[in-house]
Amino acid sequence: MNDYTKNIQFMDNMIARMKDLGIDLYLIITGEGADPIPGTCFGVDTVGSSAYAFTSRGDKLAIASVIDAQDVEESGMFDKVIHYQEFYPDLAALVRELPHKTIAFDYSEEVPLCDGLTMGKYETFLHALGETDFVCVSSDTFIPALREQLHGFNVAFCVLAQLVLEDSLEELEEVMTF
């Protein structure tokens, strides 16, 4: 059995940061591992369409197929795991019940970790949600710093190693063109 202590702490810190930033809802819409956040930050992932919803008031919710829900439920990290009949209509109904004036999604031009939401999934979600006003923000405003806390030195070391390699490649290119 997995120990999700660090993942639970990550979620609690994430919700506190959402409050600080005025984000009502963090919504991760994924399928077939398209979004890296669930697996790397929560330690659970699904194969089929699924979503994870976190509110600034502390709700931790997941919506998944009956087949995928087992691992999410067994993790014990979520207040409620909803088994959907029709993914997008059921997800839209859930979002309408939650505070959602400002919603963070996983899209980013700068941080690949926070860029797991496909345009198709986003557009399909908006269509199912219908006429609902909200401000859309990127999860890159809070996830990278929290993930670094979760994985600590490993993330910092990887970033440093990447910078060193990039500098070495630039130097090598200069030598090769000489």
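Within each chain, residues carry numbers counting from 1 in the order of the written sequence. In view of the model being predicted, local features appear only for residues whose pLDDT reaches at least 70, and side-chain atom pairs are presented and counted only at 80 or more, with totals across whole chains, interfaces and linings using the full set of residues. Here the side-chain values reflect all heavy atoms present in the structure, with hydrogen atoms and water set aside.

### With respect to the overall build of the protein chain
Move 1: The helix and strand tally for the protein chain stands at seven helices and six strands.
Move 2: What counts as a helix is a DSSP run of H or I of at least four residues, what counts as a strand is a run of E of at least two, and both are numbered from the N terminus. The order of α-helices and β-strands along the protein chain, N terminus first, is α-β-α-β-β-α-β-α-β-α-β-α-α.
Move 3: Buried means the residue's accessible area, taken with a 1.4 Å probe over protein chains only, is under 20% of the maximum for its type, while exposed means over 50%, and partly exposed covers the values in between. The 178 residues of the protein chain split such that 42% are buried.
Move 4: Contacts are assigned to residue pairs that have any heavy atoms within 4.5 Å of one another. A separation threshold of at least 6 residues defines the contact pool for the protein chain, and within that pool the share at least 24 residues apart is 65%.
Move 5: Just so you have it, the protein chain exposes about 10,000 Å², and 54% of that area is on carbon and sulfur atoms. For the area figures, the Shrake-Rupley method with a 1.4 Å probe applies, and any residue is considered shielded solely by the protein chains shown.

### As for the confidence of the model for the protein chain
Move 1: Put simply, the protein chain has an average pLDDT of 84, and 81% of its residues get 70 or more.
Move 2: Taken as a whole, residues 153-157 scores under 50 in pLDDT and shows three contacts with residues more than four places along the chain or in a different chain. The score called pLDDT rates the predictor's confidence residue by residue, from a low of 0 to a high of 100.

### With respect to the side chain of Thr102
Move 1: Along the chain, Thr102 turns up in strand E5 (residues 102-105).
Move 2: Those residues in contact with Thr102, other than ones at most four positions away along the chain, are Gly22, Ile23, Asp24, Leu25, Val135 and Val137.

### A few points about the pattern of salt bridges
Side-chain pairs of opposite charge can arise where the charged atoms are in close proximity.
Move 1: A pair is scored as a salt bridge if a Lys or Arg side-chain nitrogen falls within 4 Å of a carboxyl oxygen belonging to Asp or Glu. Scanning the entire structure with this criterion turns up three salt bridges.
Move 2: Across the pair Arg17 and Asp20 runs a salt bridge, and its minimum N-O distance is 4.0 Å. With Arg17 and Asp20 both in helix H1 (residues 5-21) and three residues apart, the pair spans about one turn of that helix.
Move 3: Residues Arg57 and Asp59 are paired through a salt bridge, measuring 2.4 Å at the closest nitrogen-oxygen approach.
Move 4: Residue class for Arg57 comes out exposed when judged on its relative accessible area of 54%.

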